[in-house]
Amino acid sequence: QAAVPQPNDRGRVTGNRLDNVDPKKKVKACIVILARDSDLQSLRETMRGFEDRFNRRFHYPYVILNEEPFTEEFKNGIRPMTDSEIKFGQVPKEASDPQAKGMTWWGYPPFIDQERAARERAEMGKNNVPYGDKESYHHMCRFQSGFFFRHPLLDEYEYYWRVEPHVKFFCDIDYDVFQMMKDNDLKYGFNIAIAESPSTIPTLWETVMKFVDKHPELVKPNDDNVLRLISSSSDLDHYNGCHFWSNFEIGSLDFFRSPLYLEFFNHLDQAGGFFYERWGDAPVHSIAAALMLKRSEIHFFNDIGYQHFPLNHCPSEPYLQKKCICNSEDSIDWKIGSCLVPYAGLYPDYKWDEETY
Ligand code: GDP
Ligand code: MN
């Protein structure tokens with residue numbers, strides 16, 4: 001007896017919903033959020049949207065981290081926002097903390113000259129380097145660059161989705177994105193790519209190039225990576241600042257935990273630019289992805305409508321199908337400042353106008 005064709009509910013019913021999935025086969029993945037007590041209200045709003053659009057179907061656990069202990073008031077305000085498990089965690093700040101494995105996770109490592117760091121911060125303040133004079137921001141960027149993925153609460157997971165307070169999700173996400181990442185051997189997903197302001201990273205690229213000198217095999221001659229997204233010149237003599245905006249990331253934790261990435265982070269860390277300059281985790285992650293991942297391992301989540309003020313990504317085509325509430329004309333994708341044009345150029349076979357919905 002032939003199966004009766006079912007009306008296609010655009011994937012919403014036939015997609016990989018949790019109630020169809022053997023829990024044992026579910027991808028080990030979590031939502032990871034760095035936040036402070038003061039983010040309570042904006043995180044509640046973000047989680048409400050995130051649950052409505054995605055996680056009420058899939059029930060991935062949350063790991064919410066802070067370098068200070070969260071108050072009971074914060075935890076009690078967050079818990080009712082999801083049926084999923086939430087793990088609240090503290091960042092082991094000092095190297096002396098047994099969980100910190102001998103490194104400073106949030107603070108000044110011993111090789112940093114703190115007086116110089118203070119002088120440079122004041123200078124960056126005068127020069128209007130974005131967040132340059134904000135001390136905590138430097139610690140945050142270094143933590144997101146080198147440590148979040150080694151927090152013990154993330155040990156059991158293979159993939160993460162980074163979410164921040166104050167972001168919005170514009171469209172339904174009706175398939176299991178982590179399963180999709182795994183099924184397609186994807187390692188890093190983004191939905192906004194923009195150019196970094198050069199004043200935050202004066203010596204980042206030359207520092208990266210010193211790492212490449214130690215690992216010449218990373219600069220593959222076969223065009224199999226996205227290096228041309230970040231440096232158009234064939235000898236890589238210049239970084240154009242293009243990076244995946246890291247407030248949204250869906251990625252492989254094993255990529256960041258790999259010996260090569262850890263060596264890369266340590267190399268950058270020793271150079272001091274997290275403190276003497278204001279290196280962001282976004283260019284750090286993106287340059288690593290460009291050096292170490294294959295083109296086919298990086299994914300543009302065109303279908304995930306998203307806002308991190310002041311930028312939006314809104315799907316370009318049949319957004320009504322995903323109940324998007326954004327206007328694709330407001331999307332940064334093809335506007336000045338976006339790096340999607342050079343990115344798209346790397347994928348000549350990709351059908352940009354008929355994204356697969
Ligand atoms: P922006 O997105 O670059 O403007 O910076 P945000 O202020 O949004 O910070 C990025 C992420 O780090 C967000 O998830 C913040 O909640 C978090 N964050 C920033 N600074 C701190 C901090 O000092 N402590 C903690 N716990 N979280 C922070
Ligand atoms: Mn933010």
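This is a predicted model, so every value here is computed, not measured.

Draft legend 1. Structural detail: the overall build of the protein. Looking only at helices and strands, the protein features twelve helices and twelve strands. Here the C-alpha atoms of the protein give a radius of gyration of 21 Å, agreeing with the 21 Å that 2.2 N^0.38 yields for 357 residues. Here the C-alpha coordinates of the protein stretch approximately 75 × 55 × 35 Å along the principal axes. Counting all 357 residues of the protein, 39% fall into the buried class. For the protein, the share of sequence-separated contacts (at least 6 apart) that also reach a separation of at least 24 residues comes to 78%.

Draft legend 2. Local environment of the pairing of strand β9 (residues 249–252). Judged by which residues are buried, β9 turns out to be covered on both faces: E249 and G251 on one side and I250 and S252 on the other are all buried. Direction of pairing for strand β4 (residues 159–162) relative to β9: antiparallel, over a ladder of four bridges. From the neighbouring strand, Y159 faces β9, where its bridge partner is S252. Bridging between strand β6 (residues 188–190) and β9 involves two bridges; their strand directions are antiparallel.

Draft legend 3. Structural detail: the site of ligand 1. L34, A35, R36, D39, N66, E67, S136, Y137, M140, E164, P165 and N247 make up every residue found near ligand 1. The dominant element in the shell around ligand 1, judged by the number of residues it contributes, is helix α4 (residues 135–146), at three residues. Among the residues making up the shell around ligand 1, the classes are represented as five nonpolar, three polar and four charged.

Draft legend 4. Region of the structure containing the sheet that holds strand β12 (residues 311–313). Pairing within the open sheet is antiparallel, and its three strands lie in the order β5-β11-β12. The sheet is open, and its two edges are formed by β5 (167–169) and β12, each paired on a single side. Strand-to-strand twist of the sheet, defined as the mean angle between neighbouring strand axes without regard to direction, takes the value 10°.

Draft legend 5. Summary view of the UniProt feature "active site" (unreviewed entry) in the protein. Those residues carrying the UniProt feature "active site" (unreviewed entry) are E249 in this numbering. Mapped onto the secondary structure, E249 falls in strand β9. On the neighbour-count criterion, E249 (23 C-beta atoms within 10 Å) is buried. With sequence-adjacent residues up to four places away left out, E249 is seen in contact with R162, G189 and F190.

Draft legend 6. A look at the pairing of β4. Where strand β1 (residues 29–34) and β4 come together, four bridges link them in parallel fashion. Bridge pairing in β4 links V32 to R162.

Draft legend 7. Molecular detail of the sheet that holds strand β2 (residues 62–66). In space, the seven strands of this open sheet follow the order β3-β2-β1-β4-β9-β6-β10, with mixed pairing throughout. In this open sheet, the two edge strands, each paired with only one partner strand, are β3 (86–90) and β10 (298–300). Ignoring which end each strand starts from, the neighbouring axes of this sheet average 20° apart.

Draft legend 8. Seen up close, α4. With twelve residues, α4 should cover 16 Å at 1.5 Å per step; its first-to-last C-alpha distance of 17 Å lies within 8% of that length. Taken together, the buried positions of α4 are H138, H139, C141, R142, F143, Q144, S145 and G146. Those residues of α4 that are buried are in contact with β1, α9 (259–271), α10 (273–276) and α11 (281–292).

Reading the values: rules and limits
Residues numbered from 1 in each chain as written. Chains lettered and ligands numbered in written order. Predicted model: local features only at pLDDT ≥ 70, side-chain atom pairs only at ≥ 80, totals over all residues. Helix = DSSP H or I, 4+ residues; strand = E, 2+ residues; numbered from the N terminus. Rg over C-alpha atoms; globule rule 2.2 N^0.38 Å. Buried ≥ 20, exposed ≤ 12 C-beta atoms within 10 Å, placed from the backbone. Contact = placed C-beta atoms within 7 Å. Pairing = 2+ DSSP bridges. Near = placed C-beta within 6 Å. Nonpolar A, V, L, I, M, F, W, Y, C, P; charged D, E, K, R; others polar. Axes fitted to C-alpha atoms, helices over the stretch in contact; angles between N-to-C directions. UniProt positions renumbered as here; feature names shortened; annotations may be inferred. Expected span 1.5 Å × (residues − 1).

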